[in-house]
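Next come the chains, spelled out residue by residue.
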Amino acid sequence: FPKRLQSALKALCCLARAGSALQAQTISEAIGVPKAETAKIMQLLVWGGFVVSRRGTKGGFHLAASPDSITMGKVIDFFLSRHPETTEDHFPVIRALQQALAPCEQKFAELTLANVTDFPGCTATSQRVRNLRPGSRKTNVRKGVVASR
């Protein structure tokens, strides 16, 4: 998957685990992606109808629908339609790989955001989100530094 798609999936998981609106800075720190790139990703997610944004001090991003109605397939299709992968499927080995991966891709596409956030790996992101909420202790994810706001 393209890096931007991977970051978008992480951001959606972050929002699903938070259960409330988050600012781009908080999402950026939680998923380990620079703020400028996170802002672009969030805008794409808004355009795709996956996320709603609200300006202002009480603003931020939140899911446009419940996590159980957002499928990985919809998100993947949206991102790949804007940035199609270039494959060299004229090589037999690439065609064989595509055929072998097709069932896995189909199963993954059927997973909902709610299914994915139930995996243990999302707990770390959830903990980072709680630590980064306004009024709480702020954790610098990249350096492991903890500071009070």
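Going by the structure above, here's the rest.
Every value quoted in this text rests on a predicted model; they were computed, and no experiment measured them. (Residues numbered from 1 in each chain as written. Predicted model: local features only at pLDDT ≥ 70, side-chain atom pairs only at ≥ 80, totals over all residues. Heavy atoms only, no water.)

## Regarding the packing of aromatic side chains
Here comes step 1: Throughout the structure, instances matching the rule amount to two aromatic pairs.
Here comes step 2: Ring geometry for F50 against F78: centres 5.7 Å apart, planes inclined by 70°, an arrangement best described as edge-to-face. Residue F50 is found in the loop between α3 (35-47) and β1 (51-54), and its partner F78 is found in helix α4 (residues 72-82); the two are separated by 28 residues along the sequence. Comparing F50 with F78 shows no difference in burial state: the two are buried.
Here comes step 3: With a centroid separation of 5.4 Å and an interplanar angle of 85°, the aromatic rings of F78 and F79 are classed as edge-to-face.
Here comes step 4: Accessibility expressed as a relative area gives 3% for F79, which makes it buried.
Here comes step 5: Connected via pairs of aromatic rings, a cluster forms that spans F50, F78 and F79. (Phe/Tyr/Trp six-rings, centres within 6.5 Å; stacked < 30°, edge-to-face > 60°. Helix = DSSP H or I, 4+ residues; strand = E, 2+ residues; numbered from the N terminus. Buried < 20%, exposed > 50% of the residue type's maximum accessible area, 1.4 Å probe, protein only.)

## Observations concerning the packing of helix α1 (residues 3-18) against α3
The description of two helices packed together rests on the angle between their axes and the distance between the axes.
Here comes step 1: Running from amino to carboxyl end, α1 crosses α3 at an angle of 75°, the nearest separation of the two axes being 10 Å. Between α1 and α3, the interaxial angle falls into the category roughly perpendicular. Where α1 abuts α3, its residues R4, S7, A8, A11, L12 and L15 lie against E37, K40, I41, M42, L44 and L45. (Axes fitted to C-alpha atoms, helices over the stretch in contact; angles between N-to-C directions. Parallel < 35°, antiparallel > 145°, perpendicular 65-115°, else oblique. Contact = heavy atoms within 4.5 Å.)

## Some details on α4
Here comes step 1: Looking at α4, one finds that the buried residues are M72, G73, V75, I76, F78 and F79.
Here comes step 2: Where α4 is buried, its residues touch α1, α3, α5 (92-110) and α6 (113-117).

## Topic: the side chain of T117
Here comes step 1: With respect to the helices and strands, T117 occurs in helix α6.
Here comes step 2: A distance of 3.1 Å separates a polar atom in the side chain of T117 from the backbone oxygen of A114. (Polar contact = N/O pair within 3.5 Å; in protein donor to acceptor, adjacent residues only side chain to side chain.)

## Regarding the pairing of strand β2 (residues 60-63)
Here comes step 1: In this structure, β1 lies alongside β2, joined through four bridges in antiparallel fashion. Within β2, the position partnered with R54 by the bridge is G60.
Here comes step 2: Counting the residues that bridge the hairpin from β1 to β2 gives five residues, and of these G56 lies at a positive phi of roughly 105°. (Pairing = 2+ DSSP bridges.)

## Here's the deal with the pattern of salt bridges
Here comes step 1: For the structure shown, the criterion picks out one salt bridge.
Here comes step 2: Note that R4 and E37 form a salt bridge whose closest N and O atoms lie 2.8 Å from each other. Highlighted residues: R4 in helix α1 and E37 in helix α3, separated in sequence by 33 residues.
Here comes step 3: R4 gets classed as partly exposed once you look at its relative accessible area, which sits at 25%.
Here comes step 4: You can call E37 partly exposed: its relative accessible area is 22%. (Salt bridge = Lys/Arg side-chain N within 4 Å of Asp/Glu carboxyl O.)

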